[in-house]
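# Fold and contact review
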Amino acid sequence: MTLKEFASQPDVVELYSKYSATLRNIVEARDYIRIGKILYGEIAILYADSRRIDDLLQVIGAQHIEIFPIALGLLGRASLEASTITQVQEQPYLNLRGNGTLIGVIDTGIDYTKKAFQYEDGTSKIRYIWDQTIEGNNPEGFVFGSEYTNEQINQALESNSPYDIVPSIDTVRTWYIFSLRCR
């Protein structure tokens with residue numbers, strides 16, 4: 001079975017892991033997981049049978065795997081029409097385009113300088129970062145951490161030294177709460 005055929009099975013999910021020869025050997029020895037593309041020579045996109053995730057985590061270790069749903073699909077007009085999504089989106093009484101949606105995430109960090117977290121004009125999609133390890137400007141109602149606003153993040157992104165303005169760095173010892181607003 002080709003990688004494309006394997007990845008398109010209904011129970012297969014997409015995972016990310018640090019790439020190494022050890023990971024390659026683990027994957028080659030198992031029929032329920034495949035390696036897809038290697039990003040930047042260090043991140044492997046994996047495709048695994050979701051019914052065997054526990055087996056995979058026992059072999060690789062949970063700290064080495066990131067599980068993301070496959071959220072990207074065909075977004076061309078023909079695909080949307082064929083799936084009847086446009087009929088639903090064009091209902092005058094429904095607002096199903098995601099505009100104005102606010103998503104809150106609690107995580108061990110975010111690299112706010114990544115293009116994935118920026119609009120086309122270079123401004124940040126992130127509304128706030130609350131770094132609980134940096135003392136200073138704690139959010140209202142809290143006695144610890146520092147909160148950075150969208151304006152501060154944008155100022156940092158325009159700077160040659162962004163971490164001088166928003167020193168929040170993505171490490172596993174740092175916790176953040178951030179939110180994104182879709183336009």
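Everything quoted here is computed from the prediction, not taken from an experiment.

## What about the overall build of the chain?
Per the secondary structure count, the chain includes seven helices and eight strands. A total of about 12,300 Å² of accessible surface is found on the chain, and carbon and sulfur atoms cover 53% of it.

## A closer look at the pattern of salt bridges
Under the definition given, this model contains four salt bridges. A salt bridge links arginine 51 to aspartate 11; the shortest N-O distance between them is 3.3 Å. Residue arginine 51 is located in the loop between strand 3 (43-49) and helix 3 (53-60), and its partner aspartate 11 is located in the loop between helix 1 (3-7) and strand 1 (12-18); the two are separated by 40 residues in the primary sequence. Each of the salt bridges in this network shares a partner with another, and the network as a whole consists of Asp11, Asp49 and Arg51.

## Quick look at helix 3
When we look at burial in helix 3, the residues that qualify are Ile53, Leu56 and Ile60. The arc that holds every buried residue of helix 3, seen down its axis, measures 60 degrees, which confines them to one face. In helix 3, those exposed residues whose orientation departs by more than 90 degrees from the buried face are Asp54 and Gln58.

## Things to note about the packing of aromatic side chains
A full pass over the atoms with the stated rule returns two aromatic pairs. Between tyrosine 112 and tyrosine 163, the aromatic rings sit 5.6 Å apart at their centres with planes inclined by 70 degrees, giving edge-to-face as the arrangement. Taken as a pair, tyrosine 112 in the loop between strand 5 (102-107) and strand 6 (126-131) and tyrosine 163 in helix 7 (residues 162-165) lie far apart in primary sequence, 51 residues in all. Each ring, one from tryptophan 130 and one from phenylalanine 144, has its centre 5.4 Å from the other, and the planes form 35 degrees; the classification is tilted. Of this pair, tryptophan 130 sits in strand 6 while phenylalanine 144 is found in the loop between strand 6 and strand 7 (146-149), placing the two residues 14 residues apart along the sequence. Taking relative accessible area as the criterion, tryptophan 130 reaches 9% and is therefore assigned buried. Residue phenylalanine 144 is classed as partly exposed on the basis of its relative accessible area of 32%.

## Details of the nonpolar core
Counting residues in each nonpolar core, the largest one holds 12 residues, listed as Leu15, Leu23, Ile26, Val27, Tyr32, Ile33, Ala44, Leu46, Ala48, Ile53, Leu56 and Ile60. Looking at this core, the elements with two or more residues in it are helix 2 (21-28), strand 3 and helix 3. Discounting chain neighbours no more than four positions away, the residues touching leucine 23 are Ser17, Lys18, Ala44, Leu46 and Ile60. Among the nonpolar cores identified, the runner-up in size contains eight residues, and Ile110, Ile129, Ile153 and Ala156 belong to it.

## A word on the pairing of strand 2 (residues 33-39)
Bridge count between strand 2 and strand 3: five bridges; the pairing is antiparallel. When the bridges of strand 3 are listed, leucine 39 appears paired with isoleucine 43. Linking two consecutive strands that pair antiparallel, namely strand 2 and strand 3, is a turn of three residues; a positive phi of about 55 degrees is found at tyrosine 40 within it.

## Describing the confidence of the model for the chain
Residues at a pLDDT of 70 or more form 78% of the chain, whose mean pLDDT is 78. Overall, residues 67-75 carries pLDDT values under 50, and its contacts beyond four positions in sequence, including any with other chains, amount to eight contacts. Segment residues 173-180 is flagged for pLDDT under 50; beyond a separation of four residues in sequence, or across chains, it makes 51 contacts in the model.

Basis of the calculations
Residues numbered from 1 in each chain as written. Predicted model: local features only at pLDDT ≥ 70, side-chain atom pairs only at ≥ 80, totals over all residues. Heavy atoms only, no water. Helix = DSSP H or I, 4+ residues; strand = E, 2+ residues; numbered from the N terminus. Areas by Shrake-Rupley, 256 points an atom, 1.4 Å probe, with all protein chains shown as cover. Salt bridge = Lys/Arg side-chain N within 4 Å of Asp/Glu carboxyl O. Buried < 20%, exposed > 50% of the residue type's maximum accessible area, 1.4 Å probe, protein only. Arc of directions from axis to C-beta. Phe/Tyr/Trp six-rings, centres within 6.5 Å; stacked < 30°, edge-to-face > 60°. Core = buried A, V, L, I, M, F, W, Y, C linked by side-chain atoms within 4.5 Å. Contact = heavy atoms within 4.5 Å. Pairing = 2+ DSSP bridges. pLDDT = per-residue confidence, 0-100.

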